[in-house]
Amino acid sequence: MATVEIKGLQSVINRLNSLGKNIDTVADNSLRKSAYDIKREVEKNIQTVTAAYNGHTYKATDTGRLFRSIHVEKLGMCRYAIGTNVEYAPMVEYGTGSAGDPSVPHTAKVKWVYFNPTVGKFRTAYPQPPRPYMRPAFETKRSVVTMNMSRDLLRAAIEATGGTV
């Protein structure tokens, strides 16, 4: 019976085992980078998306408040959220009234009156078309997140075994 000895195998095994202890950190860092990549895509969409309805062109940004509110929040290990706390953000994403996205429940009125407590006055609102900025960003970056995670985990495995990237 022949025996084969691989010199340095135990060192490689030890390095791979140590990678297991760091895998959460590698994955978390990769997801964090991807979350900020998605955030940049959301911001780009807010600045460029427009929609036309009844002869009017609507932009997703007017005052810049929605753009400035986009943020990344860490929810835990390997868990991130990209979002906004601006109350009218869903109305920009999905539209309003009869011009809104029909897959989202909302009024079909042609106009409606509401009291705006911020300015202390009644306002009349009219239908606005959807100007999606969040969903397209996630769709655009979905494969990039997977690719980044694969690349980062592979890089960590190669480095843990003493190789170079």
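Residues numbered from 1 in each chain as written. Predicted model: local features only at pLDDT ≥ 70, side-chain atom pairs only at ≥ 80, totals over all residues. Heavy atoms only, no water.

To continue, consider the overall build of the chain. Scanning the chain from N- to C-terminus turns up four helices and six strands. If you list the helices and strands of the chain from N to C, you get α-β-β-α-β-β-α-β-β-α. Every one of the 165 residues in the chain was classed for burial, and the buried ones make up 32%. Within the chain, residue pairs in contact and separated by at least 24 positions form 60% of the contacts whose partners lie at least 6 positions apart. Roughly 11000 Å² of accessible area belongs to the chain as shown, and the carbon and sulfur atoms make up 56% of that amount. (Helix = DSSP H or I, 4+ residues; strand = E, 2+ residues; numbered from the N terminus. Buried < 20%, exposed > 50% of the residue type's maximum accessible area, 1.4 Å probe, protein only. Contact = heavy atoms within 4.5 Å. Areas by Shrake-Rupley, 256 points an atom, 1.4 Å probe, with all protein chains shown as cover.)

Tallied over the entire structure, the rule returns one aromatic pair. Taking 5.2 Å as the distance between ring centres and 70 degrees as the angle between the ring planes, the aromatic pair formed by Phe115 and Phe122 counts as edge-to-face. Residue Phe115 is classed as partly exposed on the basis of its relative accessible area, which comes to 44%. (Phe/Tyr/Trp six-rings, centres within 6.5 Å; stacked < 30°, edge-to-face > 60°.)

Looking now at the environment of Ala157. Structurally, the position occupied by Ala157 is in helix α4 (residues 134–160). Judged by its relative accessible area of 23%, Ala157 is partly exposed. Put simply, Ala157 and Ile23 are 134 residues apart on the chain and 9.2 Å apart in space, counted from C-alpha to C-alpha.

Time to look at the nonpolar core. Judged by nonpolar contacts, the single largest core of 17 residues is most densely connected at Val42, Ile46, Leu66, Ile70, Ile82 and Tyr133. Counting residues per element, the ones that place at least two in this core are α1 (9–48), β4 (79–83), α3 (89–94) and α4. The leading source of residues in this core is α1, at four residues. Here Leu66 is in contact with Ile46, Ala60, Thr84, Val86, Tyr88, Ala89, Val92 and Tyr133, once residues within four sequence places are set aside. (Core = buried A, V, L, I, M, F, W, Y, C linked by side-chain atoms within 4.5 Å.)

Right, let's get into the pattern of salt bridges. Side chains bearing opposite charge may pair, as long as their charged atoms lie close to each other. With the rule as written, the count across this model stands at twelve salt bridges. With its nearest N and O atoms 2.5 Å apart, the salt bridge here joins Glu139 to Arg142. Here the residue Glu139 and the residue Arg142 both occupy positions in helix α4, the gap between them amounting to three residues, near one helical turn. In this structure, Glu139 and Arg142 share a single accessibility class: exposed. Shared partners join several salt bridges into a network, and the residues in it are Lys33, Arg151, Asp152 and Arg155. (Salt bridge = Lys/Arg side-chain N within 4 Å of Asp/Glu carboxyl O.)

Quick look at α4 now. Note on helix geometry: an α-helix contains 3.6 residues per turn, so any two residues three or four positions apart are oriented the same way. Compared with the 39 Å implied by 1.5 Å per residue over 27 residues, the 37 Å span of α4 between its first and last C-alpha is a close match. Along α4, the sharpest change in direction is near 45 degrees and occurs at Lys141. Those residues of α4 that fall on the buried side of the exposure criterion are Met134, Ala137, Lys141, Asn148, Met149, Asp152, Ala156 and Ala160. Just downstream of α4, Gly162 is the residue with a positive phi angle, here 90 degrees. (Expected span 1.5 Å × (residues − 1). Bend = angle between axes of the 7 residues up to and from the residue.)

Further remarks concern the confidence of the model for the chain. Overall, the prediction assigns the chain a mean pLDDT of 83, with 85% of residues at 70 or greater. Mean pLDDT across the elements of the chain bottoms out in strand β2 (residues 56–59) (76) and peaks in strand β3 (residues 71–76) (94). (pLDDT = per-residue confidence, 0-100.)

A few words now on the environment of Met147. For Met147, the position within the fold is in helix α4. Accessibility expressed as a relative area gives 54% for Met147, which makes it exposed.

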